[in-house]
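Results of the structural survey
Each chain is listed here by its residues.
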Amino acid sequence: MEWTPESLKAEIDYRQAALRADAADYRVGRRTHAVKRSWWRRWGHRTDPDAPGAGNDHREAA
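Residues numbered from 1 in each chain as written. Predicted model: local features only at pLDDT ≥ 70, side-chain atom pairs only at ≥ 80, totals over all residues. Heavy atoms only, no water.

**What about the confidence of the model for the protein chain?**
We count it as follows: As a per-residue measure, pLDDT tells how confident the predictor is, with possible values from 0 to 100. To qualify as a helix, a DSSP run of H or I must reach at least 4 residues; to qualify as a strand, a run of E must reach at least 2; elements of each kind are numbered from the N terminus.
Mean pLDDT over the protein chain works out to 80, with 69% of the residues at or above the 70 mark. Per-element confidence in the protein chain is highest for helix α1 (residues 5-32), whose mean pLDDT is 93, and lowest for helix α3 (residues 57-60), whose mean pLDDT is 58.

Here it is, written out as structure tokens:
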């Protein structure tokens, strides 16, 4: 395939339009869906007995 300046510009415009559409969909999804807490936050605030303690262990050691 021969890449002419016109075809390169058309390809770049096509990809930028697709990226803008994806970004718009993502923004709409972020506004309408509940925020999911990160795995680190969920792991640190578990209720099972194997969960790490909530206190500052380094201060309690002294």
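Here the narrative resumes, following the displayed structure.
**A closer look at the pattern of salt bridges**
Here is the rule we go by: Each salt bridge in this description consists of a side-chain nitrogen of Lys or Arg and a carboxyl oxygen of Asp or Glu lying within 4 Å of one another. Three labels apply to residues, based on accessible area from a 1.4 Å probe with only protein chains included: buried if under 20% of the type maximum, exposed if over 50%, partly exposed otherwise in between.
If you walk through the whole model with that rule in mind, you get two salt bridges. The shortest N-O distance in the salt bridge between D13 and K9 comes to 2.9 Å. Placement of the pair is D13 and K9 together in helix α1, with a separation of four residues, close to one helical turn. The exposure class of D13 is partly exposed, given its relative accessible area of 36%. A salt bridge links R15 to E11, with the shortest nitrogen-to-oxygen separation between them at 2.8 Å. Of this pair, R15 and E11 both sit in helix α1, four residues apart, roughly one helical turn.

**A short note on the packing of aromatic side chains**
Operational definition: Two aromatic rings from Phe, Tyr or Trp, using only the six-membered ring of Trp, form a pair when their centres are within 6.5 Å; if the ring planes differ by under 30 degrees the pair is stacked, by over 60 it is edge-to-face, and anything between is tilted.
Within this structure, the stated rule accounts for one aromatic pair. Ring geometry for W39 and W40: centres 5.5 Å apart, planes at 85°, overall edge-to-face. Taking relative accessible area as the criterion, W39 reaches 59% and is therefore assigned exposed.

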